[in-house]
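Summary of the model geometry
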Amino acid sequence: MKMMKKISFVLAAVLSILLVCPIGAQAQTRSSQYLGTYAASISQGDTSGEIVVNFSILAEKSLPKIGALKIDIYRTSGDRAVTIWGSTSNGLLSPKSSIRYSYSYTYKGIPTVSYYAVVTVCAGTSTSYDTRTVKTSVVQAPK
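Now for a look at the structure at hand.

Definitions and limits used
Residues numbered from 1 in each chain as written. Predicted model: local features only at pLDDT ≥ 70, side-chain atom pairs only at ≥ 80, totals over all residues. Heavy atoms only, no water. Helix = DSSP H or I, 4+ residues; strand = E, 2+ residues; numbered from the N terminus. Buried < 20%, exposed > 50% of the residue type's maximum accessible area, 1.4 Å probe, protein only. Areas by Shrake-Rupley, 256 points an atom, 1.4 Å probe, with all protein chains shown as cover. Salt bridge = Lys/Arg side-chain N within 4 Å of Asp/Glu carboxyl O. Pairing = 2+ DSSP bridges. Lys, Arg positive; Asp, Glu negative; His and termini not counted. Core = buried A, V, L, I, M, F, W, Y, C linked by side-chain atoms within 4.5 Å. Contact = heavy atoms within 4.5 Å.

**Details of the overall build of the chain**
Secondary structure assignment for the chain yields two helices and eight strands. Along the chain direction, N to C, the helices and strands of the chain fall in the order α-α-β-β-β-β-β-β-β-β. Sorting the 143 residues of the chain into buried and exposed places 35% on the buried side. Accessible surface for the chain amounts to roughly 8800 Å². Of this, 57% is attributable to carbon and sulfur atoms.

Written out as structure tokens, the structure is:
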């Protein structure tokens, strides 16, 4: 009888915790209101030390803010080489409302050093937008 009381108490405690902290609500993720599909890649450039970071975004509808908020370029050692902040003047953000935006950003690195990029893409209005990060593969800057 004592064992049944202990089991009942444990079950009651577990049920109380589940009711207070619903697990299902914590595990849900919100899908993007603005971003549809997006991708980023990295490749060797045409000249010594040059790498090219490519990205493309397809939004759910035509939006005034679409592109890359920033590109972080890292050496494979993990050291950040540079952060390029997105603007319309450097091409990372679209100069006009669009449903789709693609761009290739060229970075002059050190020949024979290997790099990867972390691209933060965005889509939305000027005050409310969704972001996601995409990590590229690794590429060696040409000699």
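**A look at the pattern of salt bridges**
Between side chains of opposite charge, a pair can form when the charged atoms approach closely. Taken as a whole, this structure holds two salt bridges when the rule is applied. In this structure, K70 engages D72 in a salt bridge whose closest nitrogen and oxygen atoms are separated by 3.3 Å. Among the ionic pairs, R80 bridges to D72, the shortest N-O distance being 3.5 Å. Taking relative accessible area as the criterion, D72 reaches 4% and is therefore assigned buried. Through salt bridges with shared partners, a single ionic network connects K70, D72 and R80.

**Some details on the pairing of strand β7 (residues 129–135)**
As judged from the seven bridges shared by strand β6 (residues 114–124) and β7, these two strands associate in the antiparallel manner. Each residue of the ladder has a partner; that of V119, found in β7, is V134. Taking the residues between adjacent antiparallel strands as the criterion, β6 and β7 are bridged by four residues.

**Thoughts on the side chain of E50**
Of note, E50 is situated in strand β2 (residues 50–63). In this structure, E50 is buried with no salt-bridge partner, the nearest side chain bearing the opposite charge being K108 at 6.0 Å.

**What about the nonpolar core?**
If you look at the biggest cluster of nonpolar residues, it comprises 27 residues, and the most contacted ones within it are I51, F55, I71, I73 and V119. Mapped onto this core, the elements with two or more residues apiece are β1 (35–44), β2, β3 (65–75), β5 (98–108) and β6. Sort the elements by how many residues they give to this core and β2 lands first, with six residues. Other than its neighbours up to four places away in sequence, I73 contacts I51, V53, R80, A81, V82, I84, Y107, Y115, Y116 and A117.

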